[in-house]
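This is what each chain is made of:
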Amino acid sequence: MSNYSKALEFYEKALKIFEKALPPNYPNLATSYSSIGTAYNNVGNYSTALEFYEKAIKIREKALPPNHPNLATSYNNIGSVYKNMGNYSKTLEFYEKALKIFEKALPPNHPNLATSYGNTGSVYYNMGNYSKALEFYEKVLKIFEKALPPNHPSLATSYTIIGSVYYNMGNYSKALEFYEKALKIFEKALPPNHPSLATSYTNIGSVYYNMGNYSKALEFYEKALKIFEKALPPNHPSLATSYTNIGQVYNNMGDHSKALEFYEKALKIFEKALPPNHPNLATSYNNIGMAYGNMGNYSKALEFYEKALKIREKALPPNHPDLATSYNNIGLVYCNMGNYSKALEFHEKALKIFEKALPPNHPHLTTSYNNIGGVYNSMGNYSKALEFYEKAFKREEEALPPNHPDLATSYNNTGAVYNNMGNYSKALEFYEKALKIREKALPPNHPDFATSYGSIGGVYNSMGNYSKALEFYEKALKIFEKALPPDHPHLTISCNNIGGVYNNMGDYSKALEFYEKAIKIFEKALPLNHPNLAISYNNIGSVYKNMGNYSKALSFLEKALAIAQKSLPPTHPQIKMMTDNINHVRKM
């Protein structure tokens with residue numbers, strides 16, 4: 001029931017009895033220490049968990065023969081704590097000790113051997129070595145297929161885990177295949193409100209989410225939520241996870257207030273169910289910070305990201321990857337606020353942790369390189385931006401399958417730098433590489449296609465080939481209109497792009513038509529002081545300036561500046577640009 005404080009209370013009562021009634025190296029004492037260690041592990045108190053697991057192992061090493069399965073269980077327990085602490089080399093050391101014992105002590109198809117292979121696979125999975133993880137998880141599946149009846153829930157669990165590896169490899173069709181195999185077994189083997197069914201619905205929802213099919217993702221996430229609401233107590237952490245998943249869909253659909261509503265529901269549960277420094281609370285604060293960031297409320301975003309960071313600094317060892325994630329989040333907010341030196345400071349902190357804690361080809365490292373590249377790109381330091389973007393895609397080319405969506409993102413980033421440098425042929429080369437991957441890896445109306453078409457359109461616009469630019473921008477708009485709700489902020493990107501082309505062509509009425517479409521969406525979807533609204537008003541002001549209607553131009557440019565001054569720090573480049581635009585019009 002995840003009521004760990006109550007569990008601890010009873011485990012400790014049991015321990016007191018055992019300590020009085022039994023000799024100090026009796027195996028039942030080890031079981032008691034293990035139970036208490038597990039409870040502390042579940043609440044994120046890893047040092048205390050280790051203390052109790054090590055008490056258990058000392059007893060078992062004295063009381064049991066060297067290849068006894070209970071010794072292996074103890075090694076697995078200690079490994080699981082190191083795994084939660086992000087110390088994967090130490091985790092592997094203990095999981096491999098356990099595996100050696102199980103291989104000697106048990107027949108080749110014993111379920112405990114499968115568990116051990118699964119544990120080892122999970123470490124490689126967390127290290128981002130998915131091919132190695134798959135190797136161990138397939139060993140597990142072979143044992144289960146021989147040892148268990150065809151509808152056994154453990155087989156379904158195995159399919160689920162293999163599905164999750166394919167999911168992380170970006171092979172979504174293969175992930176769906178395994179998740180659906182698991183669901184079929186759970187539907188036959190379990191009652192209709194069993195939590196494992198809900199987990200299955202959640203997994204399938206997550207694949208649709210990554211494929212950009214948000215309505216289908218919501219359908220499965222809501223199925224999961226209905227089961228959890230019936231099957232679990234109201235403050236169970238799995239309910240909070242469900243609310244978080246639904247919040248993420250609304251976030252990607254551009255409904256940030258709805259996302260916030262679900263993230264806050266999740267936070268309320270975590271605050272009641274977990275101790276104040278539990279890592280899951282930090283995750284919840286991060287989600288809320290992200291929603292505020294997307295709404296353009298950067299000070300509020302920082303407040304929640306810093307809350308998350310404080311928890312992680314207390315609860316986790318100094319080189320834990322989750323700490324780096326927090327630094328990256330804070331860096332992204334500073335980048336959006338135009339405080340690039342501060343952004344770099346946090347992204348570089350994150351990179352140092354990832355370089356110490358993770359293997360050299362781990363995806364988190366490439367995220368860091370991309371983030372740092374993005375800051376240098378925004379600063380106009382294109383050679384430095386290229387250096388980091390190239391690090392990112394070179395690592396991904398080594399570590400990921402050739403059609404992984406993350407590789408497309410890195411190529412797109414690199415293309416953007418070449419575009420900013422005025423090297424349009426090179427920009428097109430990278431944008432087209434990204435597009436080819438997306439055509440192979442993603443469904444035809446995925447929003448990432450629109451991103452690719454928009455990027456290619458931007459190059460043609462910069463080259464002055466306005467008909468070609470319009471062709472690609474309109475392709476992007478069609479995808480956004482099919483894939484996203486009508487008030488999604490991404491639609492405004494396309495409207496602004498098309499408006500910009502018409503403005504460059506001197507067709508000012510058409511430019512105004514698209515810029516005004518963008519404004520209408522922003523006014524519905526975003527808070528009144530969102531920086532993107534300022535950009536839209538600035539765009540309209542520039543059209544009126546080109547039409548010679550200076551009073552109208554001034555009215556929109558001043559609106560833009562007023563919003564920017566409220567939502568951005570005074571040193572942000574957009575404020576200078578908008579001020580210059582106003583001064584220019586006033587001189588006319």
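Below is a summary of the structure that appears in this document. Everything numeric in this text was worked out from a predicted model, so none of it was measured. (Residues numbered from 1 in each chain as written. Predicted model: local features only at pLDDT ≥ 70, side-chain atom pairs only at ≥ 80, totals over all residues. Heavy atoms only, no water.)

Looking only at helices and strands, the chain has 28 helices and zero strands in total. Computed over its C-alpha atoms, the radius of gyration of the chain comes to 27 Å, within 12% of the 25 Å expected for a compact globule of 588 residues. Viewed in the frame of its principal axes, the chain has a C-alpha envelope of about 95 × 45 × 40 Å. Among the 588 residues that make up the chain, the fraction classed as buried is 53%. For the chain, contacts bridging at least 24 residues in sequence account for 56% of all contacts bridging at least 6. Working note: accessible area of the chain is about 26000 Å², and carbon and sulfur atoms make up 51% of it. The centroid of the 62 positive side-chain charges in the chain is displaced by 3 Å from the centroid of its 49 negative side-chain charges. (Helix = DSSP H or I, 4+ residues; strand = E, 2+ residues; numbered from the N terminus. Rg over C-alpha atoms; globule rule 2.2 N^0.38 Å. Buried < 20%, exposed > 50% of the residue type's maximum accessible area, 1.4 Å probe, protein only. Contact = heavy atoms within 4.5 Å. Areas by Shrake-Rupley, 256 points an atom, 1.4 Å probe, with all protein chains shown as cover. Lys, Arg positive; Asp, Glu negative; His and termini not counted. Charge placed at Lys NZ, Arg CZ, Asp CG, Glu CD.)

A separate point is the pattern of salt bridges. Oppositely charged side chains can form a pair if their charged atoms are brought close together. Within the structure shown, the criterion is met by 14 salt bridges. For K216, the salt bridge is made with E219, and the minimal N-O distance between the two is 3.6 Å. With K216 and E219 both in helix 11 (residues 214-231) and three residues apart, the pair spans about one turn of that helix. A salt bridge links E471 to K468, with the shortest nitrogen-to-oxygen separation between them at 3.7 Å. Here K468 and E471 lie together in helix 23 (residues 466-483), a separation of three residues that amounts to about one turn. (Salt bridge = Lys/Arg side-chain N within 4 Å of Asp/Glu carboxyl O.)

We now examine the environment of A273. With respect to the helices and strands, the residue A273 is situated in helix 13 (residues 256-273). The exposure class assigned to A273 is partly exposed, which follows from its relative accessible area of 26%. Along the backbone, A273 and F262 are eleven residues apart, and their C-alpha atoms lie at a distance of 17 Å.

Closest axis-to-axis distance for the helix 13/helix 14 (residues 279-294) pair is 9 Å, and the angle between their directions is 165 degrees. Taken together, the axis directions place helix 13 and helix 14 in an arrangement best described as roughly antiparallel. Between helix 13 and helix 14 lies a crossing of left-handed hand. Between helix 13 and helix 14, the contacting residues are H256, L260, Y263, E264, A266, L267, F270 and E271 on the first element and N280, L281, S284, Y285, N287, I288, M290, A291, Y292 and N294 on the second. Grouping the constituent residues of the contact of helix 13 with helix 14 by class yields eleven nonpolar, five polar and two charged. (Axes fitted to C-alpha atoms, helices over the stretch in contact; angles between N-to-C directions. Parallel < 35°, antiparallel > 145°, perpendicular 65-115°, else oblique. Left-handed = near helix turned anticlockwise from the far one by under 90°. Nonpolar A, V, L, I, M, F, W, Y, C, P; charged D, E, K, R; others polar.)

Turning to the packing of helix 24 (residues 489-505) against helix 25 (residues 508-525), a few remarks are in order. Contact pair helix 24 / helix 25: the axes reach a minimum separation of 8 Å and the direction vectors enclose 160 degrees. One way to sum up the angle between helix 24 and helix 25 is to call them roughly antiparallel. For the pair helix 24 and helix 25, the sense of crossing is left-handed. Contact residues: helix 24 offers P489, L491, T492, C495, N496, I498, G499, G500, Y502 and N503, while helix 25 offers Y508, K510, A511, F514, Y515, K517, A518, I521, F522 and A525. Each residue belonging to the contact of helix 24 with helix 25 can be placed in one class, and the counts come to 13 nonpolar, five polar and two charged.

In this section: the environment of L428. Looking at where L428 falls in the secondary structure, it is placed in helix 21 (residues 424-441). The class for L428 is buried, based on a relative accessible area of 12%. Put simply, L428 and L274 are 154 residues apart on the chain and 50 Å apart in space, counted from C-alpha to C-alpha. Contacts of L428, omitting those with residues within four sequence positions, involve I456, V459 and Y460.

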